[in-house]
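So you can see what is in the structure, the chains are spelled out below.
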Amino acid sequence: MRVIQHYTGSKLRNFTYFIVGNQGHAFIVDPWDGEESLEKVKQESALVKGVINTHEHWDHTRGNEVIVKKTDCPVYAHPRAKGKVKEADVFMNDGEKIVIDNETELMAIDTPGHTFAHLCLILFHQGRIEGVFTGDTLFNAGVGNCHNGGDPETLFQTIEEKFQTLDDHVRVYPGHEYLGNNLGFTLKYEPGNEEAKSWQKKYESIDWENSPQTTTIAEEKKINLFLRLESNGIQLPIGHEATQVSRDRKNTFLTLRELRNHW
Ligand SMILES: [Zn+2]
């Protein structure tokens, strides 16, 4: 099994993912460009077995139409995406799985917050969790916004319950390339974060088109403020001292999410 992380070059810096099983079956997660996605699968000498949309926003579904027209493959989505994602015809509840090959499966997890029709996909390989496709829920060094059909308190619950609990080695595959921006946010509110500083240096030399990069959960716990709610190094601005003193995880999360909206 191979995971191909494809930086689409879209204005919103979307990633599309290809999960190719050892029998040559490919699943496409969040196709930005249908034609380009089909071409990529062809280059892998694989056959398209399905499209999976993490959620209903247009930039995660816009490639569906072309792919379905040319391959007639199923489109998987969250049950609440019914009627919102035109092409979706298989709806995955929390815990439901797709078999990729004889040693690889994808499991849907219900992850409301960015929207209420959002699922993430846990990648099991040889019985072990190797990665998670996070759509617009968890980003490298950040979390999704809640502007278009979401709710910050729900996002907090999802991050606490579904992502804080993942093992350190698990690889994070986000829906967008926001790492550079998010590192700036981390360093603004946790200026002493040395890991974020070294990632910022590394970021400058990443060639997104040819060798895109991502992080593990262990790395996220070092550079993502939304996973570092109890860090003493986080300095909230004037007006948020109450949060600073009480160090309540939820309040800190909501304050950071609010600050990120205006950053
Ligand atoms: Zn979205």
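Residues numbered from 1 in each chain as written. Predicted model: local features only at pLDDT ≥ 70, side-chain atom pairs only at ≥ 80, totals over all residues.

Engineer: Could you clarify how one ought to interpret helix H1 (residues 34–43) in this entry?
Structural biologist: Counting along an α-helix, one turn takes 3.6 residues, and residues three or four places apart therefore face a common direction. Within H1 the residues assigned to the buried category are Gly34, Ser37 and Val41. Considered in projection along H1, the buried side chains sweep an arc of 65° and stay on one side of the axis. Exposed side of H1, more than 90 degrees from the buried face: Glu35, Glu39, Lys42 and Gln43 are the residues found there. Looking at the packing, one finds that the buried side of H1 touches strand S2 (15–20), strand S3 (25–29), strand S4 (47–52) and helix H3 (64–71). (Buried ≥ 20, exposed ≤ 12 C-beta atoms within 10 Å, placed from the backbone. Helix = DSSP H or I, 4+ residues; strand = E, 2+ residues; numbered from the N terminus. Arc of directions from axis to C-beta. Contact = placed C-beta atoms within 7 Å.)

Engineer: Which parts of the structure should I look at to understand the packing of H1 against H3?
Structural biologist: Helix packing geometry: the angle between the two helix axes and the distance between the axes. At a minimum axis separation of 7 Å, H1 and H3 run at an interaxial angle of 50°. Viewed along their axes, H1 and H3 adopt a mutual orientation that is oblique. Within the contact between the two elements, H1 uses Gly34, Glu35, Ser37 and Leu38 and H3 uses Glu65, Val66, Ile67 and Lys70. Taken together, the residues of the contact of H1 with H3 break down into three nonpolar, two polar and three charged. (Axes fitted to C-alpha atoms, helices over the stretch in contact; angles between N-to-C directions. Parallel < 35°, antiparallel > 145°, perpendicular 65-115°, else oblique. Nonpolar A, V, L, I, M, F, W, Y, C, P; charged D, E, K, R; others polar.)

Engineer: Sorry, what's going on with the pairing of S3 here?
Structural biologist: Regular strands show a simple pattern: their side chains alternate between the two faces of the sheet. With four of its five residues buried, S3 lies for the most part within the structure. For S2 and S3, the ladder comprises four bridges, and the chain directions are antiparallel. Within the sheet, the bridge partner assigned to Phe18 lies in S3 and is Ile28. In sequence, S2 turns back onto S3 through a hairpin of four residues, with Gly24 there showing a positive phi of about 85°. Note: S3 against S4, five bridges, orientation parallel. Within S4, the residue paired with Ile28 across the bridge is Val51. (Pairing = 2+ DSSP bridges.)

Engineer: When you look at the environment of Glu35 in this model, what are you seeing that I'm missing?
Structural biologist: Relative to the helices and strands, Glu35 is located in helix H1. Overall, Glu35 belongs to the exposed group, with 12 C-beta atoms counted inside 10 Å. Along the sequence, Glu35 and His78 sit 43 residues apart, while their C-alpha atoms lie 24 Å from each other.

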